[in-house]
Structures are given as structure tokens and as C-alpha cells.
Amino acid sequence: MKILITGGAGFIGSHVVRLFVNHYPQYKIVNLDKLTYAGNLKNLTDIENKPNYKFIKGDICDAEFIQNLFATENFQAVIHLAAESHVDRSISNPLEFVITNVMGTVNLLNAARYQFQKEGATFQKFYHVSTDEVYGSLGKDGMFTETTAYDPHSPYSASKASSDHFVRAYHDTYKLPVVISNCSNNYGPYHFPEKLIPLAIHNIKNNKPVPVYGKGENIRDWLFVIDHARAIDTIFHNAQIGSTYNIGGHNEWKNIDVIELLCDIMDQKLGRPQGTSRALISFVKDRAGHDLRYAIDASKLQRDLGWMPSVQFAEGLESTVDWYLNNDVWLQEVTSGNYQNYYEEQYHKR
Ligand code: NAD
Ligand code: TYD
């Protein structure tokens, strides 16, 4: 089977590519990524020379390029992760999110539809990776299930909600074999340091203020990224066509509690007196339209397909801190922008 994975040089996509390349030598994995600021080929240096892996630089929004790619590569499946993913950026530039997340997804759906409908077609699956943010915001109680009504509040979540609707529409209208999953907040290695946890690690390490929006009372349900990649593997191989699965860690934390825990872990790892890093916490202006609470009910995934998170938060957070401390060069290259030269240096000459 030849599988197109989009967005594979980003945070979650790189873990999914790595898992598929390493676990399924019988598959051919094509990683398509535009390499925006969020795409970093250094996330995948450990597998870049494997015989069942190929990287292609390209834009999911370029209809002609995507049609040609499908025609030449004859994919049997797509796992679609490419997206603009940062809520704060979506507030500054909503249109970019509509273009990539909505139009880019519809472009891919069109190419997959053609591949599925052509004579002698072997196309099996279009797996769309989405977020729990499409469901909106919870009060103190309750959890998102697969039947919770969509109620997105940020331009990011509105664009992802729209893309989910298009994926379902292609299933209902053209019988395209689709699967969707909606996952809670991820954390772990290779997370771009604009998101809360890697930003805090980076700032604490460099003795810079750690910005906490509002009073830090917003709640997120954190899942270790490798558990998300495992869930994608399970769903890709076993979910019924047309189905949706929520993915989450049953692991709700107030932002301020995550940051305080991180500060304490960092003090211990850096040999600083306990309490040193907490002094860096800086409460700043709240995000506009900031969703109060996300919590995922992932019981359908456990019941139907036997998936459960395997990494406890304390253990996952500590290993994430260790990863960032041991991969200082990765972090330095990301913050300096050097990582963006790697494609030219390594790939262009091939
Ligand atoms: P990311 O921002 O780290 O990576 C996105 C990748 O997509 C980058 O490599 C980028 O270069 C690529 N990309 C962007 N625009 C492109 C285009 N036009 N053509 C081709 N490639 C393009 O994102 P992430 O955090 O890894 O998220 C991956 C997916 O998972 C997204 O669809 C996101 O909505 C979803 N998701 C993320 C989380 C999370 O906590 N990060 C949780 C649930 C779902
Ligand atoms: P983020 O990592 O951007 O993910 P998302 O907005 O998709 O949940 O933010 C996680 C939470 O942390 C969210 O409630 C916003 C908050 N936050 C801060 O308090 N400070 C920050 O600097 C950032 C980036 C986020």
C-alpha cells in the first residue's frame, strides 16, 4: 500500500510518519509538506534514508500539483495532517487558515475522489486528522463525545470544523471512504515552541518570562503525542469507513497547574533551588474568544478498537523536558530559523 501522509514534517505528522515507516516496512510512505514555518525536516533525520520513505515538498492548496501527484504516485490511502495549527496565528490571520485548512483539504478530497472513482481504482481510505476544538468550549462539567454538536469559536477551530464537514460531505455525496478523528491537545518532542508547553520549557531554560493568558484557569486535556500517533495507527487500520473517533488522555489540567509543574520539573533538572522558575510566570492579556475547557470522552475508541493512552502525564512531561534539554541544537535551530535551510542542503541536491 502506498500512503500519502500530509504535514509529516510538523509536530504530530512527524511522529505518525516515523511510526508508519518503522512499523510497516511493507508500505510506501510519501510525506508531503510545504515546509511552512511549522515544518522541519530535522524532525525526521532518523528515518529519512529508509527505503520505504519519500519526502515531497509541495502545497496541498495547489490543485494542479496535487492532481499530478495522485496521478503519478497512485496512492491507496491518505492520512491528512497538514494544516495551520496555532490558534493565536489564526486570530491574526484567519484567511490563511481558510486557505490551508479548508481549501487545501477540499483540494486533496478532489484528488482522492478522482483516484477512488477511476477505473480499476484501488483507493481505500482518506483519514482526516482533526481536533477536539471543533466542539467548542465546555463549562465545569461534561465531555465531548463523537455526537457533540460542532460549535467552534476561533478561526482555527472554525476552519478545522469546516474541513471535517467537507470530509463527511465527500463520503455522503461521492461515497469516498473516509475516517475522521478529533484529538485533544498534544505534547511531546518536536513540538514547535510557540505552543504552551514547549514555549514554557524554552523560556524557563533561558530565564525569560513565561506568559500565562488571563488567570491561567483554562483547562486542556493533554495527550502524549506518541499515544496520538498510536491511536491514528489503530484507527487507520481498524475503523469502519464513515466513522469518527475522539482521542484523548482523560487528563485535564488548568494551564497554571501545568506551568507550575513544569517549573518544578525544570528547577530539579537544571539544579536550581525549587521555586526559582515559578518566579518567571507572568500573567498576560487573555486570548480573544479563549475556550474555557476541553475534555474528551474517548470511550468509543477504547470500546471498539481497544486503544488507551499509555503514558501518564507526569512521566510524559518529564520525558518531554528531558528531550528538550538533550536536544538543544534542535531548539536553537528552530528559534534561530536555521532549520529552514535543511531542505535546500539535503534534498535539493539529490
Ligand atoms: P504543525 O503546525 O506542527 O504542523 C503542520 C504541518 O503542515 C507543517 O509541517 C506544515 O509545514 C504543514 N503545512 C502547512 N500548510 C501546508 C500546505 N499548504 N501544504 C502542505 N503542508 C502544509 O501541526 P500539528 O500540531 O502537528 O498538527 C497536525 C494536525 O493535527 C493538524 O491538522 C491539527 O489540526 C491536528 N491536531 C493538532 C493537535 C495539537 O495538539 N497540536 C491536536 C489535535 C489535532
Ligand atoms: P496552545 O498550546 O496554543 O493550544 P490550544 O490553544 O490549541 O489549546 O495553548 C494551550 C493553552 O495555553 C490555551 O488555553 C492557551 C494557553 N496559552 C498561554 O496561557 N500562554 C501561551 O503563551 C500560549 C501559547 C498558550
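Preceding this section is the structure that the text describes.
Residue indices begin from 1 for each chain and proceed along its sequence in written order. Think of it this way: whatever chain is written first is A, whatever ligand is written first is 1, and the rest follow in order. Only residues with pLDDT of at least 70 are given local features in this predicted model, and only at 80 or more are side-chain atom pairs given and counted; all residues enter the totals for whole chains, interfaces and linings. No hydrogens and no water enter the side-chain calculation; it runs on all heavy atoms of the structure.

Moving on, we get to the sheet that holds strand β3 (residues 53-57). A sheet is described by the order of its strands in space; here seven strands give the open sequence β3-β2-β1-β4-β5-β6-β11, paired in parallel fashion. Each edge of the open sheet is held by one strand with a lone partner, namely β3 and β11 (244-247). Taking each pair of neighbouring strands and ignoring which way they run, the sheet shows an average axis angle of 20°. If DSSP finds at least two bridges between two strands, the strands pair. Strands are runs of DSSP state E lasting at least two residues, helices are runs of H or I lasting at least four, and both sets are numbered from the N terminus onward. In this sheet, β3 lies alongside strand β2 (residues 28-33) in parallel orientation, the contact comprising five bridges. Residue pairing for β3: L32 is matched across the bridge by I56. Contact definition: two residues touch when any of their heavy atoms are within 4.5 Å. Axis geometry follows a simple rule: fit a line to the C-alpha atoms, using only the stretch in contact for helices, then measure angles between N-to-C directions, giving values from 0 to 180 degrees. On top of the sheet, helix α4 (residues 94-117) reaches β1 (2-6), β4 (77-80) and β5 (125-131); it is set at about 165° to β5, its chief contact.

Here a residue is near a molecule or strand as soon as one of its heavy atoms is found within 4 Å of it. The full set close to ligand 1 counts 29 residues, and I12, D33, S85, Y156 and K160 are the nearest of them. Pairs of N or O atoms are called polar contacts if they sit within 3.5 Å, as long as, within protein, a hydrogen donor faces a hydrogen acceptor (for residues adjacent in sequence, only side-chain-to-side-chain pairs). At 2.7 Å, a backbone N or O of I12 approaches an oxygen atom of ligand 1. Accessibility throughout is a Shrake-Rupley quantity obtained with a 1.4 Å probe, and a residue counts as covered only by protein chains that appear here. Contact with the protein chains removes 97% of the 840 Å² of surface that ligand 1 exposes when unbound. Three classes are used: nonpolar for Ala, Val, Leu, Ile, Met, Phe, Trp, Tyr, Cys and Pro, charged for Asp, Glu, Lys and Arg, and polar for all others, with Gly counted as polar. A per-class count over the shell around ligand 1 returns twelve nonpolar, 13 polar and four charged.

This part is about the side chain of D88. Along the chain, the position of D88 falls in helix α3 (residues 87-92). We call a residue buried when its accessible area falls under 20% of the maximum for its residue type, exposed when it is over 50%, and partly exposed in between, using a 1.4 Å probe and counting protein chains only. For D88, a relative accessible area of 19% translates into the label buried. In this structure, D88 is in contact with Y213 and R287, ignoring residues within four places of it in sequence.

So, on to the packing of helix α8 (residues 255-270) against helix α10 (residues 313-326). Where α8 meets α10, the closest approach of the two axes is 10 Å, and the angle between their N-to-C directions is 50°. Considered as vectors, α8 and α10 are oriented oblique to each other. The element α8 and its partner α10 pack so that their crossing is right-handed. On α10, the residues touching V258, L261, L262, I265, M266, K269 and L270 of α8 are F313, L317, E318, V321, D322 and L325. The labels follow the angle: roughly parallel below 35 degrees, roughly antiparallel above 145, roughly perpendicular from 65 to 115, and oblique for the rest. Crossing handedness: left-handed means the near helix sits turned counterclockwise from the far one by under a right angle, and right-handed means the same turn made clockwise.

Turning our attention to the packing of aromatic side chains. Any pair of Phe, Tyr and Trp rings, taking the six-membered ring for Trp, is counted once the centres come within 6.5 Å. Such a pair is stacked with planes under 30 degrees apart, edge-to-face with planes over 60 apart, and tilted for the rest. One pass over the full model with this rule turns up 20 aromatic pairs. An angle of 85° between the planes, with centres 5.1 Å apart, marks the rings of Y187 and F313 as edge-to-face. One end of the pair, Y187, is in strand β7 (residues 186-187); the other, F313, is in helix α10, and 126 residues separate them in sequence. Put simply, the rings of F20, Y24, Y27 and F236 pair up and form one aromatic cluster.

Moving on: the site of ligand 2. Taken together, 17 residues lie around ligand 2, and E133, Y213, R220, R287 and H290 are the ones closest in. Between ligand 2 and the protein, one listed contact pairs a nitrogen atom with a backbone N or O atom of P211 at 2.9 Å. At 2.8 Å, a side-chain N or O of R220 approaches an oxygen atom of ligand 2. Broken down by secondary-structure element, the contributors of at least two residues to the shell around ligand 2 are α6 (196-205) and β8 (210-213). Among the residues forming the shell around ligand 2, the class breakdown is seven nonpolar, five polar and five charged.

To continue, consider the pattern of salt bridges. Take a side-chain nitrogen of Lys or Arg and a carboxyl oxygen of Asp or Glu: if they are within 4 Å of each other, that pair is a salt bridge. Scanning all chains against the criterion turns up 15 salt bridges. Among the ionic pairs, E194 bridges to R89, the shortest N-O distance being 2.7 Å. Of this pair, E194 sits in the loop between β7 and α6 while R89 sits in helix α3, placing them 105 residues apart in sequence. For R89, a relative accessible area of 33% gives the class partly exposed. The salt bridge partner of K254 is E217, with a shortest N-O separation of 4.0 Å.

As a further point, take the pairing of β8. Here β8 shows a buried face lined by V210 and V212 and an unburied face lined by P211 and Y213. When β8 meets strand β13 (residues 281-284), the two strands line up parallel, connected through four bridges. From the neighbouring strand, V212 faces β13, where its bridge partner is F283.

Owing to its 3.6 residues per turn, the α-helix aligns residues three or four sequence positions apart on the same side. By the criterion of burial, α6 is predominantly enclosed, with seven of the ten residues buried. Three or more residues of α6 are buried, namely I197, P198, A200, I201, H202, N203 and I204. Contact partners of the buried residues in α6: β7, β8, α8, α10 and α11 (328-336). Just beyond α6, the residue with positive phi is N207, at close to 55°.

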